[in-house]
Amino acid sequence: MSGSRKAGAALAWALAGGAAFAAPADLHHGEQLARHWCAACHIVADDQTHGTDNAPTFAAIAAMPGFSTGRLARFLADPHPKMPDMQLSRTETADIAAYIANLRN
Ligand code: HEC
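Just so it is clear, the model here is predicted, and its values are computed rather than measured. One numbering rule holds for all chains: residues counted from 1, following each sequence as written. Note on the predicted model: pLDDT of at least 70 is required for a residue's local features to be given, and 80 or more for side-chain atom pairs to be given and counted; whole-chain, interface and lining totals, by contrast, use all residues. To obtain the side-chain values, all non-hydrogen atoms of the structure were included, while hydrogens and water were left out.

## Describing the site of the ligand
Line of reasoning, step 1. Here a residue is near a molecule or strand as soon as one of its heavy atoms is found within 4 Å of it. The environment of the ligand is made up of 21 residues, and the closest members are C38, C41, H42, K82 and M83.
Line of reasoning, step 2. Using a 2 Å cut-off from the grid points, one finds that the ligand occupies the largest pocket.
Line of reasoning, step 3. A run of DSSP states H or I qualifies as a helix once it reaches four residues; a run of E qualifies as a strand once it reaches two. Both are numbered from the N-terminal end. Looking at the shell around the ligand, the elements that each hand over two or more residues are α3 (58-63), α4 (69-77) and α5 (90-102).
Line of reasoning, step 4. Per element, the largest residue contribution to the shell around the ligand is three residues, and it comes from α4. Of the two site types, the cavity is a set of points on a 1 Å grid over the protein atoms alone where a 1.4 Å probe fits but cannot get out, and the pocket is an open set with protein on both sides within 12 Å along at least five of seven lines, each lined by residues with an atom within 4 Å of a point. Molecule-in-pocket calls rest on the fraction of atoms, with more than half required to lie within 2 Å of the cavity or pocket grid points.

## Observations regarding the layout of surface pockets
If a probe the size of a water molecule is rolled over the atoms, the empty space left behind becomes visible.
Line of reasoning, step 1. Grid points are joined across faces, edges and corners, and a volume is the space filled by probe spheres set on the points. There is about 680 Å³ of room inside the largest pocket.
Line of reasoning, step 2. Forming the walls of the largest pocket are 28 residues, and the residues nearest its centre are H42, P56, I61, F75 and M83.
Line of reasoning, step 3. Put simply, the parts of the chain that give the lining of the largest pocket at least two residues each are α3, α4 and α5.
Line of reasoning, step 4. With five residues, α4 is the largest single contributor of residues to the lining of the largest pocket.
Line of reasoning, step 5. Among the residues forming the lining of the largest pocket, the class breakdown is 19 nonpolar, six polar and three charged. Under the scheme applied, nonpolar residues are Ala, Val, Leu, Ile, Met, Phe, Trp, Tyr, Cys and Pro; charged residues are Asp, Glu, Lys and Arg; polar residues are all the others, including Gly.

## Looking at the packing of α4 against α5
Line of reasoning, step 1. Packing of α4 against α5 leaves a shortest axis separation of 9 Å and a crossing angle of 135 degrees. Here α4 is positioned oblique relative to α5, judged by the angle of their axes. In this structure, α4 meets α5 at a crossing whose hand is right-handed. Between α4, through T69, L72, A73 and L76, and α5, the contact on the second element is made entirely by T93, I96, A97, A98, I100 and A101.
Line of reasoning, step 2. Its residues placed into classes, the contact of α4 with α5 shows eight nonpolar, two polar and no charged. Here, axes are lines fitted to C-alpha atoms. For helices the fit covers the stretch in contact, and angles between N-to-C directions go from 0 to 180 degrees. Working rule for angles: under 35 degrees goes down as roughly parallel, over 145 as roughly antiparallel, 65 to 115 as roughly perpendicular, anything else as oblique. The sense of a crossing depends on the near helix, which, turned anticlockwise from the far helix by less than a right angle, makes the crossing left-handed and, turned clockwise, makes it right-handed. Pairs of residues are marked as contacts when any of their non-hydrogen atoms sit within 4.5 Å.

## Considering the pattern of salt bridges
Line of reasoning, step 1. For this analysis, a salt bridge means a side-chain nitrogen from Lys or Arg found within 4 Å of a carboxyl oxygen belonging to Asp or Glu. Considering all chains together, one arrives at two salt bridges under this definition.
Line of reasoning, step 2. Across the pair E31 and R35 runs a salt bridge whose closest N-O atoms are separated by 2.7 Å. With a gap of four residues between them, E31 and R35 both fall in helix α2 (residues 27-37), about one helical turn apart.
Line of reasoning, step 3. Residues R35 and D47 are paired through a salt bridge, measuring 3.3 Å at the closest nitrogen-oxygen approach. Placement of R35 in helix α2 and of D47 in the loop between α2 and α3 is noted, with a sequence separation of twelve residues between them.
Line of reasoning, step 4. One continuous salt-bridge network, built from bridges that share partners, spans E31, R35 and D47.

Here it is, written out as structure tokens:
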């Protein structure tokens, strides 16, 4: 039972991710959104000096093995319980994901 429910959820996520990446993402908008929504806890850019201790920096997130914009978009569609539900649109989510991906060198 739970197996097929999981598969359904995965499919829904895949579809949502596909739609999010249909439009080209806007890095600059992603940065603005990150500074607005995420900077209270995460260090989102090099010029930011502090966030909260328990939240990884965006540069660290971008460097995680297995990181991809698709995975990040799925994560943001169903955020970690310690994070607020920010009600971001698909376009906003894609822009933030592209911004974070761009921090990886
Ligand atoms: C209220 C504080 C808070 C805000 C605001 C917040 N986060 Fe987080 N976030 C956290 C914490 C704390 C963790 C670490 C959770 C853990 O590992 O237990 C986390 C983890 C993450 C991870 C996880 C990585 C992983 O796989 O381990 C990602 C990605 C992330 N945040 C992205 C974002 C983005 C993007 C935003 C803005 C849209 C955001 N967060 C806003 C607190 C926050």
